[in-house]
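Take a look at the letters that make up each chain.
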Amino acid sequence: MRHRVRWFCLASLYIAVPGCSGEPGDKEAGQDAAPAGVPAPGEATFAPDEPTELWFVEFERAPAVSGGGRARVKGLSEEDRERFRRTAEERGLRYKQRFSFERLWNGLSVRVAREGAEVLADMPGVKAVYPVVQVDLDVVRAAPTVEPDLAVAGEMSGADVVRRDLGVSGDDIRVGVIDSGVDYHHPDLGGCFGPGCRVAFGHDFVGDDFASGDANRQPAPDDDPDDCLGHGTHVAGIIGANGIVQGVAPDVTFGAYRVFGCRGGSRADIILKAMERAADDGMDVVNISIGTPFQWPDYPTAAAASALVARGVVVVASIGNSGEKGLWAAGAPGVGEAVIGAASIDSARVTRLSFTAAPGDVAIGYTRAVGSPPAPLSGSAPLARTGTLTSARDGCAQLPAGSLAGKIALVRRGGCPFPEKAAHAQAAGAVGVVIYNDRAGAMNPSVVGRDRITIPVVGIAQADGELLNARLDAGPVAHTWTDRAVAAQNGTAGQISGFSSYGLSAALSFKPDLAAPGGSIYSTIPVEQGAYDSLSGTSMAAPHVAGAVALLLGARPELSPERVRDVLQNSAIPAPWSGDPGAGVPESAHRQGAGMIRVDRSIRATTLISPGKLALGESEGGPVARTLTIENVGAHDVTYDLSHAPAACATGDDHWAPTSGATGAARVDFSAPSVTVPSLGSATVSVTIRANDALADGGLFGGYLVFTPRGGAAGGALRVPYAGFKGDYQRVPVLKPSGHGAPWLGKVNGTRVTPQPGGATYTLASGDVPLVMVHLDHGAERLTLDVVEAATGKPWGRALSLSHVGQSSSATAVTRYAWKGTTRLDGRSVVVPDGDYLIKLRALRALGDPGNEAHWDTWTSPVVTLDRP
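Moving on to the overall build of the protein chain. The helix and strand tally for the protein chain stands at 12 helices and 51 strands. The buried share of the protein chain, reckoned over its 869 residues, is 60%. Sequence separation of 24 or more characterises 78% of the internal contacts of the protein chain that already satisfy a separation of 6 or more. Here the protein chain has roughly 30,100 Å² of accessible surface; of this, 51% comes from carbon and sulfur atoms.

Evaluation of the coordinates by the stated rule reveals 36 salt bridges. In this structure, the salt-bridge partner of R385 is D473, at a minimum N-O distance of 2.7 Å. One end of the pair, R385, is in strand β21 (residues 380-385); the other, D473, is in helix α8 (residues 462-474), and 88 residues separate them in sequence. On the accessibility criterion, R385 (33% relative accessible area) is partly exposed. Residue class for D473 comes out exposed when judged on its relative accessible area of 59%. In the salt-bridge network here, residues are joined through shared partners; they are R103, K273, E276, D280 and R311.

In a beta sheet, neighbouring strands pair by backbone hydrogen bonds and run either parallel or antiparallel. Here three strands make up an open sheet; going across it, the order is β13-β8-β15 and the pairing antiparallel. Pairing within the sheet leaves two strands with one partner each, and these edge strands are β13 (266-267) and β15 (290-291). Here strand β8 (residues 134-137) pairs with β15 via two bridges, running antiparallel. Along β15, the bridge assignment pairs L137 with I290.

Another aspect to go through is helix α4 (residues 231-240). Counting along an α-helix, one turn takes 3.6 residues, and residues three or four places apart therefore face a common direction. Within α4, 10 of the 10 residues are buried, leaving the element largely enclosed by the surrounding structure. The complete set of buried residues in α4 reads H231, G232, T233, H234, V235, A236, G237, I238, I239 and G240.

What follows is about the pairing of β8. Here β8 shows a clear split, with V135 and L137 buried on one side and none of Q134 and D136 buried on the other. Pairing of β8 with β13, which is carried by two bridges, proceeds in the antiparallel orientation. Within β13, the residue paired with Q134 across the bridge is R267.

Now for the sheet that holds strand β11 (residues 199-204). Strand order across the open sheet formed by seven strands is β11-β12-β10-β14-β16-β17-β26, with parallel pairing between neighbours. Looking at which strands have only one partner, the edges of the open sheet turn out to be β11 and β26 (514-519). In this sheet, neighbouring strand axes are inclined to one another by 25° on average, regardless of whether the strands run parallel or antiparallel. In this structure, strand β17 (residues 340-346) lies alongside β26, joined through five bridges in parallel fashion. Bridge pairing in β26 links I345 to P517.

The subject of this paragraph is the packing of helix α5 (residues 268-280) against helix α6 (residues 300-310). For any two helices packed against each other, one specifies the inter-axial angle together with the distance between the axes. Following both chains from N to C, one finds α5 and α6 inclined at 10°, their axes separated by 9 Å at the closest point. When the axis of α5 is compared with that of α6, the two are roughly parallel. Two secondary-structure elements touch here, α5 through A268, I271, L272, M275 and A279 and α6 through P300, T301, A304, A305 and L308. Classifying every residue of the contact of α5 with α6 gives nine nonpolar, one polar and no charged.

A complete count under the given rule lists 20 aromatic pairs for this structure. Both rings, one in F84 and one in Y95, keep their centres 5.3 Å apart while their planes meet at 80°; by these two values the pair is edge-to-face. With F84 in helix α1 (residues 70-91) and Y95 in strand β5 (residues 95-101), this pair connects stretches of sequence that are 11 residues apart. The burial state of F84 is the same as that of Y95; both residues are buried.

Covalently bonding the sulfur atom of one cysteine to the sulfur atom of another cysteine gives a disulfide. The final tally for this structure, using the stated rule, is three disulfides. Covalently, C396 is tied to C416 through a disulfide, its sulfur atoms 2.1 Å apart. In this structure, the disulfide formed by C396 and C416 twists by about -95° around the S-S bond and is classed as left-handed. With C396 in the loop between β21 and β22 (408-412) and C416 in the loop between β22 and α7 (418-427), the pair connects residues that are 20 residues apart, well separated along the chain. We classify C416 as buried; its relative accessible area is 14%. By sequence order of its bonded cysteines, the protein chain has the disulfide arrangement 1-2, 3-4, 5-6.

What follows is about the nonpolar core. Within the largest apolar cluster, 107 residues are counted, with the highest numbers of intra-cluster contacts made by I178 and V549. Top contributing element to this core by residue count: helix α9 (residues 538-555), with 11 residues. Excluding its chain neighbours within four sequence positions, the residues that come into contact with V549 are V285, V314, V316, I340, V564 and L568. Formed by 35 residues, the second largest nonpolar core is a distinct cluster that contains V734, A742, V772 and A799.

Counting buried positions along strand β16 (residues 314-318) gives five out of five residues, so the element sits mostly inside the fold. Side-chain alternation along β16 places V314, V316 and S318 on one buried face and V315 and A317 on a second face that is also buried. Looking at chain direction, β16 and β17 are connected through three bridges and run parallel. Pairing of S318 across the sheet is with A342, part of β17.

With that out of the way, let us pick up the confidence of the model for the protein chain. Here the protein chain shows a mean pLDDT of 87. Residues at 70 or above account for 88%. Per-residue pLDDT stays below 50 along residues 1-42; that stretch engages in 161 contacts with residues further than four places along the chain or on separate chains. With pLDDT under 50 throughout, residues 141-148 is counted as low confidence; its partners more than four residues away or in other chains account for 39 contacts.

Bringing the packing of α9 against helix α10 (residues 561-571) into the picture now. The contact between α9 and α10 brings their axes to 11 Å, and the two run at 105°. Here α9 lies roughly perpendicular to α10, going by the angle between them. Packed against α9, whose contacting residues are V549, L552 and L553, the element α10 presents V564, V567 and L568 at the interface. Residue classes in the contact of α9 with α10 are distributed as six nonpolar, no polar and no charged.

With that out of the way, let us pick up the environment of R484. If you trace the backbone, R484 turns up in strand β25 (residues 478-489). It is 8.3 Å that separates the C-alpha atoms of R484 and L377, two residues lying 107 residues apart in sequence. Excluding residues within four positions of it along the chain, R484 makes contact with R352, L353, S354 and T356.

Attention now goes to unusual backbone geometry. Omega for the peptide link from K511 to P512 comes to -5°, which places this bond in the cis form. Note that P512 resides in the loop between β25 and β26. Here the bond from S610 into P611 is cis, since omega is -5°, no more than 30 degrees from zero. Note on placement: P611 falls in the loop between β29 (607-610) and β30 (614-618). In the Ramachandran plot, F294 falls in the positive-phi region, its phi being about 65° despite a non-glycine side chain. Mapped onto the elements, F294 comes out in the loop between β15 and α6. On the accessibility criterion, F294 (5% relative accessible area) is buried. Positioned with a positive phi, S766 is a non-glycine residue whose angle comes to about 50°. In this structure, S766 sits in the loop between β42 (760-762) and β43 (771-774).

Calculation rules
- Residues numbered from 1 in each chain as written.
- Predicted model: local features only at pLDDT ≥ 70, side-chain atom pairs only at ≥ 80, totals over all residues.
- Heavy atoms only, no water.
- Helix = DSSP H or I, 4+ residues; strand = E, 2+ residues; numbered from the N terminus.
- Buried < 20%, exposed > 50% of the residue type's maximum accessible area, 1.4 Å probe, protein only.
- Contact = heavy atoms within 4.5 Å.
- Areas by Shrake-Rupley, 256 points an atom, 1.4 Å probe, with all protein chains shown as cover.
- Salt bridge = Lys/Arg side-chain N within 4 Å of Asp/Glu carboxyl O.
- Pairing = 2+ DSSP bridges.
- Axes fitted to C-alpha atoms, helices over the stretch in contact; angles between N-to-C directions.
- Parallel < 35°, antiparallel > 145°, perpendicular 65-115°, else oblique.
- Nonpolar A, V, L, I, M, F, W, Y, C, P; charged D, E, K, R; others polar.
- Phe/Tyr/Trp six-rings, centres within 6.5 Å; stacked < 30°, edge-to-face > 60°.
- Disulfide = S-S within 2.5 Å.
- Core = buried A, V, L, I, M, F, W, Y, C linked by side-chain atoms within 4.5 Å.
- pLDDT = per-residue confidence, 0-100.

Next comes the structure, spelled out in structure tokens:
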């Protein structure tokens, strides 16, 4: 049973979650704030070294987009903020307001001192509180190509047919790009910025030097959305370049909303602010190739994106590049209920620059790492390896100074992040790094991190790495950069990209929605960076969908955003199952959504089936019955024969590494074998879907309801995808022990956190606080920490209550929750006296009923002794 819990409370508890801790310092430039030097009522100034946290505070009233007249809602919104300021002052809450939101999402983002965070959710009028997470670009880089592979992608999606045969190119359609900006100087993107230019709208929310994790680099907004990172220019080119590269919709007008500095990294509240600006600028379509994995659909960026759709704007977002992390990894804002979440399909051709290895001069194609400078097109250096073919942590430790001076380092993937490997090689004097894969296939590394990488870093396939190791076994090897390209047909063309994130969402909503070419896409980059490059990622798939939406709206302007998604899903073509592409089985619906977009079919379609997708939820309640409405705007009656195409299922006990199988298909029964839809009329058909008893509980199943027109009617078959969970969803554990044995009680010992299985004493001074180390194996509906007296069980209040917490980032990852000695009890803050206590951790399973104890996972700590100095 679906039971939504929105309540959130924090006592004096520090949550070590990536992106949760705020940068200390004064109010950042560009936020909605009081005049300079005049703090808003109830606000505080923090010392430069004072630890703080960033939080979204959502108010109970609906945002302006979803309730009443704007002036009335604005007045009520101001009441919410005034009440918040007044209550904060009364309760001694020290906070700094970063941004105020009212048009798409009603609330604030604030910086608070860690010891004051518990006050936030307990304030009147507050609906929920969420951490302001860091956000990243959904991109993995492929090497530069010498042929316009975007043209090949256009053939796959039907965009070339629309431009050539239908004469539709996106003119008069405004497309907003929330990203790293757009190099409007690029001739393929118009060469100018402002009224009358291709890039006619825009704003820079951050400035060149902003980096979300660097306390010394705060936002410095201005009105110039030029791009120095390159990602946004590449995305814009896919949508609508018109020059050497031709985008999907080459005549659109752009809005460029820059939310990343030159070093990458942003914050969720900045993304939300950019959505508001795009709405105000009258964008018809907004593309957001940005994501935070494992988020719930009500996370603020996802909720705001859905509200933007309610305002009449089609929002397309990348679903994420966490394919290696298994099921449930769909990210926000793409996981938003009304958002089109885009998965990636591999392009038909791969063309990469190469280097040679002598003796033999074998040419090896490479992928340039994200964050790496371009490799030179000439020059030689000795190749030197840092490990062996079996090294589990090659390049993960510091290397002897000068050990790689003047050499190209050959490093095996695995054991630590790519930026660490590159930084260690660079520090040892390397003039370049070649990282080879530790598994079959090619690789797309990123070296974006705290250390600036100034040497070229490239990735190669496992087989090529093995070849280079064999050459080194035989003697010295000379590495030579070249300007030669190696081209090949992509062996996985038309299949879902391995990096593309799996759905469903933790709320069992149907994600992703659609798929588009995202592997090895050639497009524009800033002129000073070389003008053109090839990238891979769902970041590249999303703008392909956004461009297709612009074409669709240009041809069929009457379509609402909801109907845009429906018609695109109806007309999509499912990709083949990667497990056996020739078996005739579609890839899992929870990997590809409706399948590859075919915008030519969408424009020509005279029939619309709604809803365009079916989220069945869990099968514990038995068969699911739904009604589909078929509308015909054509001049003739159409009869459709109804059939079912089951897709591959997700099976196995380990959702981090799911098994995909072609067995376990659901049973589908239609109310009739066919349906006739009159011209300019509609008809309905009922469908009942039953999970297969042969599919193990815990699996995901799905498929496609197929509507095939009789008599060879134009447009071909239409489809409606569906997906569901087999069994009782509340049997999926949240606190399943990780590889590190979490949950466990920890204590800081120098620079490490050590387990305390027998309990421990804490002074609550200088970081000596109890740490509850938690691994979430699945999304949690609610997570709580309660404190009780060890000897008597007397309750001392709640230290933590989080709602809708995403699962951990890997099968062994842990999050630490540090209790600082206070709780909330009966609506008031309590300082827990010295003594012996137990911390009780409880996690409500996804969509669980809080009144059903069987839906809770629990853990009790060893004795925690508080002994303040």
